[in-house]
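Fold and geometry: a report
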Amino acid sequence: MTVRDDFHELLCADLALMEGLADVRQVAAALLGYWERRDRTTETLAQRLAALAGLTPSDVAGLEARVAALVAEASGDARLAL
């Protein structure tokens, strides 16, 4: 993802919850950290979740792939995918 898209990150948070990759508190903390740092870092929400929820690189790659697939199905519109 080259352009920061908050809807993309929210979709990632939703999927992480729905798929049981992180619990509500971990997702909330990751979102808070993302929102606070998004203008100063390139860290994605999935990367933040990895640190907080102990996701493996494989978990992160799979999550990011599923988000990308949903966005692609929505003609590249993360807001619509969400």
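We now turn to the structure provided with this report. Note that the structure is predicted; figures quoted are calculated from it, not measured. (Residues numbered from 1 in each chain as written. Predicted model: local features only at pLDDT ≥ 70, side-chain atom pairs only at ≥ 80, totals over all residues. Heavy atoms only, no water.)

**Brief notes about helix 4 (residues 57–73)**
Quick note on the threshold: A run of DSSP states H or I qualifies as a helix once it reaches four residues; a run of E qualifies as a strand once it reaches two. Both are numbered from the N-terminal end. One less than the residue count of a helix, multiplied by 1.5 Å, gives the span that helix is expected to have. Buried, partly exposed and exposed residues are distinguished by accessible area as a fraction of the type maximum, computed with a 1.4 Å probe on protein chains only: under 20%, between the cut-offs, and over 50%, respectively. By definition in these notes, contact holds between two residues if any of their heavy atoms fall within 4.5 Å.
Helix length check: helix 4, at 17 residues, gives a terminal C-alpha distance of 24 Å against a target of 24 Å (1.5 Å per residue), a fit within 8%. Within helix 4, burial applies to Val60, Gly62, Leu63, Val67 and Val71. Residues of helix 4 that are buried sit in contact with helix 1 (6–18), helix 3 (45–53) and helix 5 (78–81). Just downstream of helix 4 lies Ser75, where phi reads positive at about 60 degrees.

**A short note on the packing of aromatic side chains**
Our working rule: In this analysis, rings of Phe, Tyr and Trp, with Trp reduced to its six-membered ring, are considered paired at centre separations within 6.5 Å, and the interplanar angle assigns stacked below 30 degrees, edge-to-face beyond 60, and tilted for intermediate values.
In the structure shown here, the tally under the stated rule is one aromatic pair. Ring centres of Tyr34 and Trp35 lie 5.4 Å apart, and the angle between their planes is 65 degrees; this geometry places the pair in the edge-to-face category. A relative accessible area of 3% means that Tyr34 is categorised as buried. The class for Trp35 is partly exposed, based on a relative accessible area of 36%.

**Quick notes on the pattern of salt bridges**
Selection rule: A carboxyl oxygen of Asp or Glu within 4 Å of a side-chain nitrogen of Lys or Arg is what we treat as a salt bridge.
Within this structure, the stated rule accounts for two salt bridges. Salt-bridge contacts for Arg66 lead to Glu19; the nearest nitrogen and oxygen are separated by 2.7 Å. Of the two residues, Arg66 sits in helix 4 while Glu19 sits in the loop between helix 1 and helix 2 (24–37), which places them 47 residues apart along the sequence. By relative accessible area, which is 34% here, Arg66 ends up partly exposed.

**As for unusual backbone geometry**
Its identity is not glycine, yet Ser75 carries a phi of approximately 60 degrees, on the positive side. Tracing the backbone shows Ser75 in the loop between helix 4 and helix 5. Classification of Ser75 as exposed rests on a relative accessible area of 72%.

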